[in-house]
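# A closer look at the structure
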Amino acid sequence: SNVEGKLNENSFPPGFLFGTATSAHQIEGAWNLNGKGENLWDRFTHTYPERILDGSNGDTACDSYHKYKEDVAIMKEMGIQFYRFSLSWSRILPAGFSYKINPDGIRYYNDLINALLENNIIPMITLFHWDMPQTLQDLGGFSNELIVNWFEEYVKVAFEHFGDRVKLWITFNEPITICMYGYGRDTLAPAYNSSGISDYLCGHNLLKAHASAYHLYKNKYESKQKGKIGITLVSHWFESSSTFQTDLQAAQRKREFVFDWFAKPIFHPNGDYPEIMKKRIAFRSEAEGFTQSRLPQFSREEIEYIKGTYDYLGLNHYTTLMTSDAEEDAISDPSFDKDARVKSYYNPEWPSAASPWLKVVPWGFRKLLNYISNRYKDVPIFITENGFSDHEGLNDQERIDYYEQYLSALLDAIHEDGVNVKGYAAWSLLDNFEWKDGYVHRFGLVHVNFTDPERPRTKKASAQYYTEILRLRRLPKKKSFQIDSNFIW
Ligand code: GBH
């Protein structure tokens, strides 16, 4: 009836899952303990501490390697239904290759998975969240096409050892971030800084590696293990600054260069890269004197091999940018930005998180969800990250405001627009090693004291708020929301 419909509008649908997310390098620590091999972030932070905002690294991080039981207990208290975490490739395969498996790596993840299941928390595993074994990075990482084999051999070990209990898999976290910030720019390790070349090469090999992992799972494991496998893409929403055709096209071009670069080859029935990327990059490459486009080409077989390789789409989303059309740049050095030819900026009125790139624009979330759902025909979506950074503190009212507004936009997308969203993970369970921002910008629902060797955890106000959402399965009315009076700030 209508009445029921109305009541349900404020509620998350039955079966909708709530979780939290982390990644191995950002929380585990124990960087060289019990057989773990070095990864590229160990190497990068140890070699260039000056490139990290506070000169820190992930050597100890939240020490979740030792404290995972406490993490699980906190999630249990909060009523968390699923936990998205990642495997450290070099903890499992210290040499990167699968000829040598580190028993302690298998033991650690078995213990974590079992602890989660004993507490009725569903494990969701990200196979790769940026921490490439250094041995493989030395061979070029994603710029070497052999990454397809290396990745397949690694994920086979993961499916073999954990797939009896793990039913939700994600191959890669944020291909565009890996390729654009790590290979195209110098913001993230390995900082190759070769925009317009290395980024596209990275993306090309990564897409093939994703597809090979998917096919391996489908061909060898799915019938017995009965899990689901997808990939996590990230996108801001790009909003046109005007209704001029040139600006509308620029906004759309930016969406295609950022989101559809990885989405179309996998999620679109025709597969392959977006036409506009192929056209723009070929055009500029030729003018620059390249004999072939800097965007590598997929063969017919490869297009077929990659398309449709998903059970669901993982989506990370944080913020929105305004965009407008840009002039064609003079032909000089290759660059992703010149290929896309779009200006972008933040509306100065939008509230900001501590991270300068993160502005609070909840309506952008709803628009992005609609964009994806329209383009990729109701693909099942898991929100695998969404969250807000501040500086250290426990009374995090701004984070509560962020979650309230973004979850309300999500409810509108589900109920009013019919977007097929299956679940939502808050980034992050814990304050953690925020890559080049070290421990300065905090994303946790739970505070971690990084000056104390014990790394004590304390729930923030937002953890209480999230717990209340999960209990009610709707957004609590702000005025009725009281923080636990025993809670120490
Ligand atoms: C996520 O990426 C990551 O998956 C997660 O590990 C991370 O902790 C979380 O964000 C919070 O940052 O500094 O101007 O060069 C989100 C996408 C892409 C956003 C890289 C920040 C760097 C912008 N990120 N981007 S800048």
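What counts as what
Within every chain, residues take consecutive numbers counted from 1 along the sequence as written. Where local features are concerned, this predicted model is filtered to residues with pLDDT of at least 70; where side-chain atom pairs are given and counted, the filter is 80 or more; whole-chain, interface and lining totals use all residues. Remark: hydrogens and water are excluded; side-chain values derive from all non-hydrogen atoms of the structure. Put simply, DSSP marks the helices as runs of H or I at least four residues long and the strands as runs of E at least two long, and each gets a number from the N terminus on. C-alpha atoms define the radius of gyration in this analysis, and the globule rule sets the expected value at 2.2 Å times the number of residues to the power 0.38. The rule is simple: take the accessible area with a 1.4 Å probe, protein chains only, and divide by the maximum for that residue type; under 20% is buried, over 50% is exposed, in between is partly exposed. The accessible surface values rely on the Shrake-Rupley method and a 1.4 Å probe; as for residues, cover is taken only from the protein chains in view. Here, two residues are considered to be in contact whenever any of their heavy atoms come within 4.5 Å of each other. Paired strands, in this sense, are two strands between which DSSP finds at least two bridges. Residues are classed as near a molecule or strand on a simple rule: at least one heavy atom within 4 Å of it. What qualifies as a polar contact is a pair of N or O atoms within 3.5 Å, subject to a donor-acceptor requirement within protein and to the restriction that residues adjacent in sequence count only when both atoms come from side chains. Charged residues are taken to be Asp, Glu, Lys and Arg, nonpolar residues to be Ala, Val, Leu, Ile, Met, Phe, Trp, Tyr, Cys and Pro, and polar residues to be all remaining types, Gly included. Here an angle of 0 to 180 degrees is reported between the N-to-C directions of two axes, which are lines fitted to C-alpha atoms, with helices fitted over the stretch in contact. Grid points spaced at 1 Å and placed over the protein atoms alone form the basis of the search, with a cavity being a set where a 1.4 Å probe fits but cannot get out and a pocket an open set showing protein on both sides within 12 Å along at least five of seven lines. Lining residues have an atom within 4 Å of a point. Grid points are joined across faces, edges and corners, and a volume is the space filled by probe spheres set on the points. The disulfide criterion used throughout: a pair of cysteine sulfur atoms within 2.5 Å.

### Let's talk about the overall build of the protein chain
The number of helices and strands found in the protein chain is 17 helices and 13 strands. Its C-alpha atoms give the protein chain a radius of gyration of 22 Å, within 12% of the compact-globule value 23 Å for 489 residues. Viewed in the frame of its principal axes, the protein chain has a C-alpha envelope of about 70 × 55 × 50 Å. Expressed as a percentage of the 489 residues in the protein chain, the buried residues total 61%. Split by element, the accessible area of the protein chain, about 18,900 Å² in all, is 50% carbon and sulfur.

### Section: the environment of Val448
Position of Val448 among the secondary structure elements: in strand β12 (residues 446-448). Note: C-alpha distance between Val448 and Gly393 (55 residues apart in sequence) is 9.8 Å. Aside from chain neighbours lying at most four places away, what touches Val448 is Cys62, Glu392, Leu430, Asp431, Arg442, Arg455, Pro456 and Arg457.

### Structural notes on the pairing of strand β6 (residues 237-240)
On β6, burial covers both faces: Trp237 and Glu239 on one face and Phe238 and Ser240 on the other are all buried. Bridge count for β6 against strand β8 (residues 320-325) is four bridges, and the pairing is parallel. Bridging across to β8, Glu239 finds its partner in Met322.

### Considering the site of the ligand
Around the ligand sit 17 residues, and of these Gln26, His129, Glu174, Glu434 and Lys436 come closest. In the environment of the ligand, an oxygen atom lies 3.0 Å from a nitrogen or oxygen atom belonging to the side chain of Glu385. A distance of 2.7 Å separates an oxygen atom of the ligand from a polar atom in the side chain of Lys436. In the shell around the ligand, the residues fall into seven nonpolar, six polar and four charged.

### Considering the pairing of strand β1 (residues 17-21)
Burial of β1 is extensive: five of the five residues sit out of reach of the surface. Of the two faces of β1, the one holding Leu17, Gly19 and Ala21 and the one holding Phe18 and Thr20 are both buried throughout. Inspection of the sheet shows β1 paired to strand β11 (residues 421-427) by five bridges, in the parallel sense. Paired with Ala21 across the strands is Trp427, a residue of β11. When β1 meets strand β2 (residues 82-86), the two strands line up parallel, connected through three bridges. Bridge pairing in β2 links Thr20 to Tyr83.

### Some points on the sheet that holds β8
Reading across from one edge, β6-β8-β9 is the order of the three strands in this open sheet, with mixed pairing throughout. The open sheet has two free edges, formed respectively by β6 and β9 (342-345), since each of these has just one partner strand. Across the sheet, the mean angle from the axis of one strand to that of its neighbour is 40°, orientation sign disregarded. Contacting β6 and β8, helix α15 (residues 362-375) runs over the sheet at an angle of about 100° to β6.

### Let's talk about the layout of surface pockets
Sizing a probe to match a water molecule and rolling it over the atoms shows the empty space that remains. Put simply, the largest pocket is a space of about 740 Å³. If you trace the largest pocket, you find 33 residues lining it, with Glu174, Thr177, Tyr181, His236 and Trp357 closest to the centre. If you tally residues by element for the lining of the largest pocket, the top one is helix α9 (residues 175-184), at four residues. Here the lining of the largest pocket is composed, by residue class, of 16 nonpolar, eight polar and nine charged.

### Thoughts on the state of the cysteines
Joining two cysteines, a disulfide is a covalent bond between their sulfur atoms. Here the structure, examined in full by the defined rule, presents one disulfide. With its sulfur 2.1 Å from that of its partner, Cys179 forms a disulfide with Cys202. Because the sign of the S-S torsion sets the handedness, a value of about -70° for the bond joining Cys179 and Cys202 places this disulfide among the left-handed ones. Here Cys179, found in helix α9, pairs with Cys202, found in helix α10 (residues 198-225); they are 23 residues apart in sequence, far enough to count as distant. For the pair Cys179 and Cys202, one class covers both residues: buried.

So yeah, pure geometry; function would need other evidence.
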